[in-house]
Amino acid sequence: QVQLVESGGGSVQAGDSLRLSCIASGRTFTTYAVGWFRQAPGKDREFVAAISWNALRTDYSDSVKGRFTISRDNAKNTVYLQMNSLKPEDTAVYSCAADGAISVFRTTTPLRYWGQGTQVTVSS
């Protein structure tokens, strides 16, 4: 069993940066790929980024590529999402999820573990 808790959200101005953390409990966390998703009010949840269990593979949506960086520290059971050059359209609840393979995060396959989410608000 894996439990995920996100932190690091907040309210910032356009152009600012934030770093989100997804902290996991459970000894098997290091064997899972982890992804970040976001959901804005009235919109569907969308994929943001994902990282393989060993950090050798990463994947980003086109909307964040070049601005966001996903990384992980397995010794700390933590996955990070560094968000730079934030835009008002990045405003959403950001959630992390864990599953076996990085390839599933862009599919409709139900993911195994989810966190509760953290709010990010970017004002212009």
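Everything here concerns the structure above.
An account of the accompanying structure is given in this report. Just so it is clear, the model here is predicted, and its values are computed rather than measured.

Notes on the nonpolar core
Within the largest apolar cluster, 30 residues are counted, with the highest numbers of intra-cluster contacts made by Leu4, Trp36, Leu81, Met83 and Tyr94. Listed by contribution, the elements that provide at least two residues to this core are strand S3 (18–25), strand S4 (33–39), strand S5 (46–51), strand S7 (68–73), strand S8 (78–83), strand S9 (92–99) and strand S11 (118–123). Judged by nonpolar contacts, the second largest core, of nine residues, contains Ala33, Phe37, Ala97 and Leu111.

Examining the side chain of Ser52
Looking at the element boundaries, Ser52 is found in the loop between S5 and strand S6 (58–60). Leaving out residues up to four positions away in the same chain, Ser52 has contacts with Ala33, Arg57, Arg72 and Ile102.

What to know about the side chain of Ser61
For Ser61, the location among the structural elements is in the loop between S6 and S7. Assessed through its relative accessible area of 8%, Ser61 is described here as buried. For Ser61, the residues in contact, after removing those within four places along its chain, are Phe47, Val48 and Arg106.

Observations concerning the packing of aromatic side chains
Tallying each qualifying case throughout the model produces four aromatic pairs. Between the aromatic rings of Tyr32 and Tyr113, the centroid separation amounts to 5.6 Å while the plane-to-plane angle is 85°, which identifies the pairing as edge-to-face. In this pair, Tyr32 sits in the loop between S3 and S4 while Tyr113 sits in strand S10 (residues 113–114), placing the two residues 81 residues apart along the sequence. Note on Tyr32: relative accessible area 10%, which makes it buried. On the basis of relative accessible area, Tyr113 is assigned to the buried category, the value being 12%. Relative to Trp114, the ring of Phe37 has its centre 5.1 Å away and its plane inclined at 55°; by these criteria the two rings are tilted.

Quick word on the state of the cysteines
Counted by the stated rule, this structure contains one disulfide. What pairs with Cys22 in a disulfide is Cys96, and their sulfur atoms sit 2.1 Å apart. Taking the sign of the S-S torsion, about 70° here, the bridge from Cys22 to Cys96 comes out right-handed. Residue Cys22 is located in strand S3, and its partner Cys96 is located in strand S9; the two are separated by 74 residues in the primary sequence. According to the relative accessible area criterion, Cys22 is buried, its value standing at 0%.

Calculation rules
- Residues numbered from 1 in each chain as written.
- Predicted model: local features only at pLDDT ≥ 70, side-chain atom pairs only at ≥ 80, totals over all residues.
- Heavy atoms only, no water.
- Core = buried A, V, L, I, M, F, W, Y, C linked by side-chain atoms within 4.5 Å.
- Buried < 20%, exposed > 50% of the residue type's maximum accessible area, 1.4 Å probe, protein only.
- Helix = DSSP H or I, 4+ residues; strand = E, 2+ residues; numbered from the N terminus.
- Contact = heavy atoms within 4.5 Å.
- Phe/Tyr/Trp six-rings, centres within 6.5 Å; stacked < 30°, edge-to-face > 60°.
- Disulfide = S-S within 2.5 Å.

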